[in-house]
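# Coordinate analysis (summary)
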Amino acid sequence: MTEMTDGVLHTLFRTEQGGHEQVVLCQDRATGLKAVIAIHSTALGPALGGTRFHAYASDEEAVQDALNLSRGMSYKNALAGLDLGGGKAVIIGDPDVLKSEELLEAYGRFVESLGGRYVTACDVGTYVADMDVVARETRWATGRSPENGGAGDSSVLTAFGVFQGMRASAQHLWGDPTLRGRKVGVAGVGKVGHYLVEHLLEDGAEVVITDVREESVRRILDKHPGKVTAVFDTDALIRTEGLDIYAPCALGGALNDETVPALTAKIVCGAANNQLAHPGIEKDLSDRGILYAPDYVVNAGGVIQVADELRGFDFDRCKAKATKIFDTTLEIFARAKADGIPPAAAADRIAEQRMADGRAARAV
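Residues numbered from 1 in each chain as written. Predicted model: local features only at pLDDT ≥ 70, side-chain atom pairs only at ≥ 80, totals over all residues. Heavy atoms only, no water.

This brings us to the overall build of the protein. Along the backbone of the protein there are 15 helices and twelve strands. For the protein, the C-alpha radius of gyration of 20 Å lies close to 21 Å, the compact-globule estimate for 364 residues. Across the 364 residues that make up the protein, the buried fraction comes to 55%. For the protein, the share of sequence-separated contacts (at least 6 apart) that also reach a separation of at least 24 residues comes to 66%. Looking at the protein as shown, the accessible area adds up to about 15,700 Å², and 49% of this sits on carbon and sulfur atoms. (Helix = DSSP H or I, 4+ residues; strand = E, 2+ residues; numbered from the N terminus. Rg over C-alpha atoms; globule rule 2.2 N^0.38 Å. Buried < 20%, exposed > 50% of the residue type's maximum accessible area, 1.4 Å probe, protein only. Contact = heavy atoms within 4.5 Å. Areas by Shrake-Rupley, 256 points an atom, 1.4 Å probe, with all protein chains shown as cover.)

It is worth spelling out the packing of helix α13 (residues 315–323) against helix α14 (residues 325–339) at this point. Contact geometry for α13 and α14: axes closest at 5 Å, N-to-C directions at 20 degrees. Compared by their axis directions, α13 and α14 come out roughly parallel. Contact residues: α13 offers K321, A322 and T323, while α14 offers I325, F326 and D327. The residue makeup of the contact of α13 with α14, split by class, is three nonpolar, one polar and two charged. (Axes fitted to C-alpha atoms, helices over the stretch in contact; angles between N-to-C directions. Parallel < 35°, antiparallel > 145°, perpendicular 65-115°, else oblique. Nonpolar A, V, L, I, M, F, W, Y, C, P; charged D, E, K, R; others polar.)

Take unusual backbone geometry next. Glycine aside, negative phi is the norm for most residues, and most peptide bonds take the trans geometry. Although it is not a glycine, N274 adopts a positive phi angle of roughly 50 degrees. With respect to the helices, strands and loops of the structure, N274 is situated in the loop between β11 (267–268) and α10 (281–287).

Before going further, it helps to examine the pairing of strand β1 (residues 22–28). As paired elements, β1 and strand β2 (residues 33–41) share seven bridges and run antiparallel to each other. Of the residues in β2, the one forming a bridge with Q27 is K34. The turn joining β1 and β2, which pair antiparallel and follow one another in sequence, is formed by four residues; a positive phi near 85 degrees is taken by G32. (Pairing = 2+ DSSP bridges.)

This paragraph deals with the pattern of salt bridges. Within this structure, the stated rule accounts for 21 salt bridges. In this structure, E21 engages R117 in a salt bridge whose closest nitrogen and oxygen atoms are separated by 3.3 Å. Taken together, the residues E21 in the loop between α1 (2–14) and β1 and R117 in the loop between α4 (101–113) and β6 (118–119) connect sequence positions 96 residues apart. Across the pair D123 and K88 runs a salt bridge, and its minimum N-O distance is 2.9 Å. With a gap of 35 residues between them, D123 in the loop between β6 and α5 (128–134) and K88 in strand β5 (residues 85–92) connect regions that are remote in the sequence. (Salt bridge = Lys/Arg side-chain N within 4 Å of Asp/Glu carboxyl O.)

Before going further, it helps to spend a moment on the sheet that holds strand β12 (residues 291–292). Strand order in this open sheet of six strands is β9-β8-β7-β10-β11-β12, and the pairing throughout is parallel. Two strands lie at the open edges of the sheet, namely β9 (228–230) and β12, each paired on one side alone. Here strand β7 (residues 183–187) pairs with strand β8 (residues 206–210) via five bridges, running parallel. Counterpart to V184 in the pairing with β8 is V207.

The next thing to look at is the packing of helix α6 (residues 155–174) against helix α7 (residues 193–202). Following both chains from N to C, one finds α6 and α7 inclined at 45 degrees, their axes separated by 8 Å at the closest point. Put simply, α6 runs oblique to α7. The two elements α6 and α7 cross, and the hand of that crossing is right-handed. Contacts from S155, V156, A159, F160, V162, F163 and M166 of α6 reach α7 at Y195, L196, H199 and L200. When grouped by side-chain class, the residues that make up the contact of α6 with α7 number nine nonpolar, two polar and no charged. (Left-handed = near helix turned anticlockwise from the far one by under 90°.)

Quick look at the nonpolar core now. Ranked by internal contacts, the top residues of the largest apolar core, which has 31 residues, are M166, V186, L196, V197, L200, V207 and I209. Of all the secondary structure elements, the ones that give two or more residues to this core are α6, β7, α7, β8, α8 (214–223) and β10 (245–248). Top element by residues in this core is α6. It accounts for five residues. Not counting residues up to four positions away in its chain, the partners in contact with V186 are G193, L196, V197, L200, V207, V208, I209, T210, L237, A247 and C249. (Core = buried A, V, L, I, M, F, W, Y, C linked by side-chain atoms within 4.5 Å.)

Another aspect to go through is the side chain of E309. The residue E309 is located in the loop between α12 (301–307) and α13 in this model. Within polar-contact distance, the side chain of E309 engages the backbone nitrogen of G143 at 2.7 Å. Only 3.3 Å separates the side chain of E309 from the side chain of R144, close enough to count as a polar contact. Filtering out sequence-adjacent residues up to four positions away, E309 remains in contact with A141, T142, G143, R144, G149, G150, A151 and G152. (Polar contact = N/O pair within 3.5 Å; in protein donor to acceptor, adjacent residues only side chain to side chain.)

Do not read the fine detail of predicted coordinates wherever pLDDT is low. Here the protein shows a mean pLDDT of 93. Residues at 70 or above account for 96%. Low pLDDT, under 50, characterises residues 1–5; the predicted model gives this stretch three contacts beyond four residues in sequence or across chains. (pLDDT = per-residue confidence, 0-100.)

In this structure the tally under the stated criterion is two aromatic pairs. Both rings, one in Y75 and one in Y296, keep their centres 5.7 Å apart while their planes meet at 70 degrees; by these two values the pair is edge-to-face. A residue pair is termed long-range when its members are at least 10 positions apart, and Y75 in helix α2 (residues 59–79) and Y296 in helix α11 (residues 295–298) qualify at 221 residues. By relative accessible area, which is 6% here, Y75 ends up buried. For Y296, a relative accessible area of 10% puts it in the buried group. (Phe/Tyr/Trp six-rings, centres within 6.5 Å; stacked < 30°, edge-to-face > 60°.)

This part covers the side chain of D132. Looking at the secondary structure, you find D132 in helix α5. R144 provides the closest opposite charge to the buried, unpaired D132, separated from it by 5.2 Å. For D132, the side chain forms a polar contact with the side chain of S145, separated by 2.8 Å. For D132, the contacting residues outside a window of four places in its chain are R144, S145 and N148. (Lys, Arg positive; Asp, Glu negative; His and termini not counted.)

Now the structure itself:
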């Protein structure tokens, strides 16, 4: 535990990946709850970000994930045009084993104790029904069911936003926003990926899928017999001959030293958070002539949806805002070209400027 704490403190106070305003370790022995709430920035407003429930290999890995994800939420919310900062929470453990209403209620009390500095929502391992339970103990839970005053499943607009990012990528690279006739590989067809597949098929794309859960793949194949192809794993997917676009839609780190050299696609645009395994990968993509649509730009549809709950949810208003992801993605590609930098760096610059402007405005 000492090594973990030293590592976390070093990250927070002494590295470029730090800079977080607050990190809260939460424990409720009666329910088995162990959670981390990380608030990266409130420069633009309360920190909004989902709660991930996952069986991490170590406590240190869980804390690091919370730090990385919360930082990404600051950038995502800034580029989505939301007056919200970035935060994220992780609950440590296997949700299939550990999750209970009592545990979620205990977690809700920790969220409430932050007095609105952190607003939670769904993420990997948590669902609308879970947010309904969390909301029993805190007013700062979004992603609730319509019956409980919420917007429902945010995966719907997350997928829609990724689709808009793909269209923008196609426009930038090929001069046409349609995906008709393009071969798109989707890694992860769960909460978001299966909605993305629907958009792609409607637009006339040829779709190849993979997922660690056989039932997720089977659901797609059964619904669209003869229209979708499945491969055994992600390694096979990224090496698929003739692949135009690769869409990582599972966990982070999909773009790393092993996968980038093997990619056959000319565009990477997917829903997964933190796709770049480490700094420098974005340059490797650029050097290979692969256009990367920054994940936190194109997957912002979900956060746009849950953020709208704070003002009284209106789906049409949210969808209109998510449609603008197309324009934002094109703006980032144009900035990258003008500055001679990868798109990920260009997106960071734009987001950091908006956060800096927010801090300056609040200081006046």
